[in-house]
Each structure stands twice: as C-alpha cells, then as structure tokens.
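Residues per chain are reported as follows:
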Amino acid sequence: MSSSTLESSPAVELKDTLKPPKKPSAKLPWLLLAPSLLVLAVMVGYPLVNLFIMSFQKYERAQLMGVPAEWVGFKNYTDTLADPVFWTVLARSFAFMVVCVFLTMAIGILLALLMMRLNKFFRLLVSVGLLLAWAMPALAAVIVWGWIFDTQYGVVNNILTKITGDNWMGHSWLINPWMFFLVATLIIVWQSVPFVAFTMYAGLTQVPGEVLEAASLDGATPAQRFRLIMVPYVRSIMVVLIILSIIWDLRVFTQIFALQGIGGIADKTNTIGVYIYQMGMAQGHYGSASAIAVILVFIMMGISYYYVRQTIKEEEL
C-alpha cells in the first residue's frame, strides 16, 4: 500500500479531527482592547497626568501666556487643607450628596416595585415619563425648574398665593441657601431617579417568582419579602447604584452653577465641583484648583474601594 493511501485512510483522518484546538494567543485580548485603551489614555489619562503635575506647581494666568510654572511641592495641598472654606464646601457637598442619594435610591426602588405591579399600559406610561425626565439635558432642566420657582412669575408662588391667600409673588426661593438646596435636590433627584428605577426594575424581575410565592404562602408580608428575598438577590446592583449616585452627586456642577446664575448666592451655596471651577477658571489659581481636584479624585477612589474589593472577591469564587 502506498504512502498516499495511508495518508487518506479513515484512521488518519480521524486522528486529525481529534487534535485539540489551538489555544488563542494571549496577545489577542490586548490587541482587541488596544483601540479603547488608546482612546482612554488620550481622553482621560493625559488630562489626569497633567492635572496631577499642575497640582505641584504655581500655575496662574501668567502661565497660560507661556511663563514657565514654578514648582512649589505640596504647598497647594497644604494651603487647601488649611483653608476653612475648603472644609466648609466639602462638608456641604457631602451633606447635599447624602440627601440626594437617599432620596434617589428610595424613590427609584419604590417606582421599580410599582412598575412590577402595574399592567402593561400603565407600566409603559410610567416608563415614558421616566425616560423624558432622564433624557432632558441638565441645563434645560434647571431652566424649566427656574421658571417654576421664578420670583415674579413662578408657578409655585402663584399656587401658594391662591392656596394661602397671602401674596407670595416676589418671594425668592434661591436667596435662602436652604431653599436653594431644596430646589437643587428636586432637580437632581428628578433626573437621577429614572436610571435607578429602570435598573432596579430589571434586577427585581429576575427574582424567582416561585420563591416569592412560597414566602407569601408561609405568611411573609410584602415588606418581609422585599427585605429578606428581593434585597439579597439585587444587593450587588444596589451597591453599584449607590456608588455611582455618590460619585455623580458629589461632583455635581451644572445644576448648582446654573441655579447660582438664576439667583443663588455663590459663597453660601458652592459645592466642591463649583468651588474647583471658581478657584481655577474664575480666579485663575489653576494650581490650587488642580490640588483640590486631585483630593476629590482620591476621595472618590476611597468611596469606590469597597465596590472594587467586593467585585474582585466575587470573581475569585
């Protein structure tokens, strides 16, 4: 029998088909990720590195004109940490963030539970309303809410005048810092709730119905079913939502800055994002503003540490 016949025999062909598949190259994932990593390096990495460098320099408006920046070491950081205004603004930002995150999560979860009980038509109606609030640009939302609380022609003042019989026309809601943050909270929560509601609804619909039915037959109340069954199933989703909400609300800028332009007092209503902008763009202290921004980055990294650690633990299981 010739060698060509042996090569074409069924045994040889079967041996060829049983060969283990070639392992993909370890470089392939990195090659696929290379375009995204390059974009991130240019769009995110370079500004962060430049920001970090500027935080160790005396960088003022003269440096924008080409004057070499002077290295000052940690002076920007020590000056910032010794400034009582910074701590006041940071404390105000944290208090504002806590209120916004709590209301956003509470209302979002309640809406998600409501959507699970509604029929198809009303669930669609609620979804459309949430999408409209979510899709509205932040600046446009501030303008609309600014009209609602307008001093002379606002809807709120008009309604209060008719209900109470007192003349509310001319009452300013933004001069008082407490009222200013009440309006700001309404705007931010109004636009943040849709994301939480949709995400929680998607998570809650994955809870097995037979488990909830068994708990109901055992006499568990709706509150107990939510606390003891639903929450454990969606705990990881809730942690992600809380972390994201903390980061978004802590660095909020557009809503506060726009409301200050409508009628708020900047010195009494600054949050950390607006304070960085005023320190840098308005006053020209770019080195100090960079130091504050770096401190804020480390604060956010500390907040995100718990989520990252839990994610790594779950992947190792």
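The rules behind the values
Residues numbered from 1 in each chain as written. Predicted model: local features only at pLDDT ≥ 70, side-chain atom pairs only at ≥ 80, totals over all residues. Heavy atoms only, no water. Phe/Tyr/Trp six-rings, centres within 6.5 Å; stacked < 30°, edge-to-face > 60°. Axes fitted to C-alpha atoms, helices over the stretch in contact; angles between N-to-C directions. Helix = DSSP H or I, 4+ residues; strand = E, 2+ residues; numbered from the N terminus. Parallel < 35°, antiparallel > 145°, perpendicular 65-115°, else oblique. Left-handed = near helix turned anticlockwise from the far one by under 90°. Contact = heavy atoms within 4.5 Å. Nonpolar A, V, L, I, M, F, W, Y, C, P; charged D, E, K, R; others polar. Core = buried A, V, L, I, M, F, W, Y, C linked by side-chain atoms within 4.5 Å. Buried < 20%, exposed > 50% of the residue type's maximum accessible area, 1.4 Å probe, protein only. Salt bridge = Lys/Arg side-chain N within 4 Å of Asp/Glu carboxyl O.

### Focus: the packing of aromatic side chains
Line of reasoning, step 1. Applying the stated criterion across every chain, the model contains 19 aromatic pairs.
Line of reasoning, step 2. Through a chain of ring-to-ring contacts, three or more aromatic side chains come together here, namely W145, F149, W168, W173 and W190.

### Thoughts on the packing of helix α10 (residues 177-204) against helix α13 (residues 254-262)
Line of reasoning, step 1. Closest axis-to-axis distance for the α10/α13 pair is 10 Å, and the angle between their directions is 140 degrees. Relative to α13, the element α10 is oriented oblique. Between α10 and α13 the crossing geometry is right-handed. Contacts between α10 and α13 involve F180, F181, V183, A184, I187, I188 and Q191 on the former and, on the latter, Q255, I256, L259 and Q260.
Line of reasoning, step 2. Of the residues that constitute the contact of α10 with α13, the class distribution is 8 nonpolar, 3 polar and no charged.

### Comments concerning the nonpolar core
Line of reasoning, step 1. With 39 residues, the main nonpolar core has F86, M200, I272, Y275, I276 and I292 as its most contacted residues.
Line of reasoning, step 2. Contributing elements (two or more residues each) for this core: α6 (84-117), α10, α11 (209-217), α12 (222-250), α15 (272-282) and α16 (286-316).
Line of reasoning, step 3. Broken down by element, the residue count for this core peaks at 10 residues, all from α12.
Line of reasoning, step 4. When sequence neighbours within four positions are dropped, the list of residues in contact with I272 reads F86, V89, L90, S93, L250, I292 and L296.
Line of reasoning, step 5. Formed by 25 residues, the second largest nonpolar core is a distinct cluster that contains M115, A141, I187 and A197.

### Let's talk about the pattern of salt bridges
Oppositely charged side chains may form a pair once their charged atoms are brought near each other.
Line of reasoning, step 1. Applying the stated rule across the entire model yields 1 salt bridge.
Line of reasoning, step 2. Across the salt bridge formed by K75 and D79, the nearest N and O atoms sit 2.7 Å from each other. Placement of both K75 and D79 in helix α5 (residues 75-81) is noted, with a separation of 4 residues, approximately one turn of the helix.
Line of reasoning, step 3. Since its relative accessible area comes to 38%, D79 is described here as partly exposed.

### A word on the packing of α6 against α12
Line of reasoning, step 1. The interhelical angle for the contact between α6 and α12, taken along N-to-C directions, is 140 degrees, at an axis separation of 10 Å. Comparing the axis directions of α6 and α12 gives the class oblique. Of the two elements, α6 crosses α12, and the hand of that crossing is right-handed. Contact with α6, carried on its side by S93, F94, M97, C100, V101, M105, I109, L113 and R117, involves R225, F226, M230, M238, L241, I242, S245, I246, D249 and L250 of α12 and no other residues of that element.
Line of reasoning, step 2. Its residues assigned to classes, the contact of α6 with α12 shows 14 nonpolar, 2 polar and 3 charged.

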